[in-house]
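# Working through the structure, step by step
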Number of protein chains: 2
Amino acid sequence: MAAKAGNSVGGVLPHPHVIGNAFAQHYYKILNESPEDVHKFYHDQSILGRKPNSDGTLTSITTLRDINKHFVSTYLKGCSMEIDNVDSQPSHEGGVLVLVSGSFTVPDAMKRRFTQSFFLAPQKGGYFVLNDIAGEVVNQSTESTSISNEVVNDR
Amino acid sequence: MAAKAGNSVGGVLPHPHVIGNAFAQHYYKILNESPEDVHKFYHDQSILGRKPNSDGTLTSITTLRDINKHFVSTYLKGCSMEIDNVDSQPSHEGGVLVLVSGSFTVPDAMKRRFTQSFFLAPQKGGYFVLNDIAGEVVNQSTESTSISNEVVNDR
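Keep in mind the model is a prediction, meaning the values are calculated, not measured.

Along its length, chain A carries 3 helices and 8 strands. Ordered by position from the N terminus, the helices and strands of chain A form the series α-β-β-α-β-β-β-β-β-β-α. The contacts in chain A between residues at least 6 apart in sequence include a share of 49% that link residues at least 24 apart.

Structure, rendered in structure tokens:
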């Protein structure tokens with residue numbers, strides 16, 4: 001289930017943008033359609049950051065068993081999930097950092113935004129999700145400024 | 001300038017949450033007050049994702065010289081920047097993944113939200129920023145739902 005991204009002709013790896021996009025498309029499709037299979041993106045040493053604690057930090061879900069339990073107990077079927085943007089960079093020791101932003105709609109609820117940061121660690125023939133941290137979700141009633149952090153750094 | 005996080009008594013490294021929080025507090029303080037020093041968080045192999053291209057992907061800024069040039073050309077003094085949340089996880093080969101969300105105000109403009117994903121790679125006595133990807137910014141006029149991705153995965 002982990003993204004197959006290596007082993008192309010001549011051993012040249014695809015660009016991290018290609019890897020990140022392919023991963024994100026595949027990941028959210030499986031998340032929507034087959035939540036019972038999502039744990040296959042992860043390994044035993046993977047860490048999911050979920051459900052904020054009272055102090056705002058996220059609870060860590062670890063071990064493949066608990067990760068599977070988490071996704072199996074999830075109900076996402078019928079949810080309309082859209083990826084707005086995927087950004088990826090080559091990272092430490094063959095890994096790929098992927099930042100996804102998007103929105104999703106659940107029945108009888110407003111569209112909401114999410115961001116999710118993944119670290120894809122290399123494995124034979126591809127990658128697995130080593131880290132998965134969820135960003136903040138804000139209501140979609142406001143207009144997106146469509147600007148990334150140039151407003152943070154380039155004013 | 002890189003976050004000093006190792007070398008505590010007995011060689012025990014602080015928890016990634018401590019590293020991530022210390023890094024974020026320090027990083028945004030320097031970004032606000034001394035943009036000419038921000039490049040010291042980075043190394044030559046670091047990658048910044050900035051300014052979206054027409055296809056929505058971010059332009060990569062690489063080499064310490066260009067990273068420095070980027071921050072020196074930045075004007076952030078007088079900008080009120082607030083960190084809402086910092087989440088961190090131990091990552092690949094001694095690295096730390098940090099996801100920061102927050103908001104900032106510039107004169108005569110609405111408060112805006114940002115997310116930024118950092119990969120801190122280990123170096124002697126601490127860490128440096130290997131990856132830095134900016135997430136999407138949306139207007140702050142809407143109320144935050146204060147929910148991370150449990151709404152994505154736990155409905």
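On to the pattern of salt bridges. Once their charged atoms are close, side chains differing in charge can pair, the charge on each being opposite to the other. All names here are of chain B. In the structure shown here, the tally under the stated rule is 10 salt bridges over all chains. In this structure, K29 engages E33 in a salt bridge whose closest nitrogen and oxygen atoms are separated by 3.3 Å. Here K29 pairs with E33, and both are found in helix α1 (residues 16-33), just 4 residues apart, close to one helical turn.

Before going further, it helps to spend a moment on the environment of A:H43. All names here are of chain A. Mapping H43 onto the fold places it in strand β1 (residues 42-52). With 21 residues separating them in the primary sequence, H43 and L64 have C-alpha atoms 5.9 Å apart. Setting aside residues no more than four positions away along its own chain, H43 makes contact with L64, I67, Q123, F128 and V129. Of the polar contacts made by the side chain of H43, one reaches the side chain of Q123; its length is 2.8 Å.

Under the counting rule described, the total for this entry stands at 21 aromatic pairs over all chains. Where A:Y27 meets A:Y28, the ring centres are 5.1 Å apart and the plane angle is 80°; that geometry is what we call edge-to-face. You'll find A:Y27 and A:Y28 in the same group, each marked buried. With centroids separated by 5.8 Å and ring planes inclined at 85°, the aromatic side chains of B:F23 and B:F41 adopt a geometry described as edge-to-face. Highlighted residues: B:F23 in helix α1 and B:F41 in the loop between α1 and β1 (42-52), separated in sequence by 18 residues. Pair check on accessibility: B:F23 and B:F41 agree, each one buried. What links up through ring pairs into an aromatic cluster is the set A:F23, A:Y27, A:Y28, A:F41, A:Y42, A:F71, A:F114 and A:F118.

So, about the environment of B:F23. You can call B:F23 buried: its relative accessible area is 1%. Each C-alpha atom of the pair B:F23 and B:F41 lies 9.4 Å from the other, and the pair is 18 residues apart in sequence.

So, on to helix α1 (residues 16-33) of chain A. Along its 18 residues, α1(A) runs 25 Å from first to last C-alpha, staying within 8% of the 26 Å computed at 1.5 Å per residue. Those residues of α1(A) not exposed but buried are A:P16, A:I19, A:G20, A:F23, A:A24, A:Y27, A:Y28, A:I30, A:L31 and A:N32.

Residues and elements named next belong to chain A. Of the residues in chain A, 74% reach a pLDDT of 70 or more, and the chain-wide mean stands at 78. The secondary structure element of chain A with the lowest average pLDDT is strand β8 (residues 144-147), at 29, and the one with the highest is strand β6 (residues 126-134), at 95. Every residue in residues 3-10 is under pLDDT 50, and counting partners more than four places away or in other chains gives 18 contacts. Low confidence marks residues 139-155, where pLDDT is under 50. Its contacts with residues over four positions away, or in another chain, come to 64 contacts.

Thresholds applied
Residues numbered from 1 in each chain as written. Chains lettered and ligands numbered in written order. Predicted model: local features only at pLDDT ≥ 70, side-chain atom pairs only at ≥ 80, totals over all residues. Heavy atoms only, no water. Helix = DSSP H or I, 4+ residues; strand = E, 2+ residues; numbered from the N terminus. Contact = heavy atoms within 4.5 Å. Salt bridge = Lys/Arg side-chain N within 4 Å of Asp/Glu carboxyl O. Polar contact = N/O pair within 3.5 Å; in protein donor to acceptor, adjacent residues only side chain to side chain. Phe/Tyr/Trp six-rings, centres within 6.5 Å; stacked < 30°, edge-to-face > 60°. Buried < 20%, exposed > 50% of the residue type's maximum accessible area, 1.4 Å probe, protein only. Expected span 1.5 Å × (residues − 1). pLDDT = per-residue confidence, 0-100.

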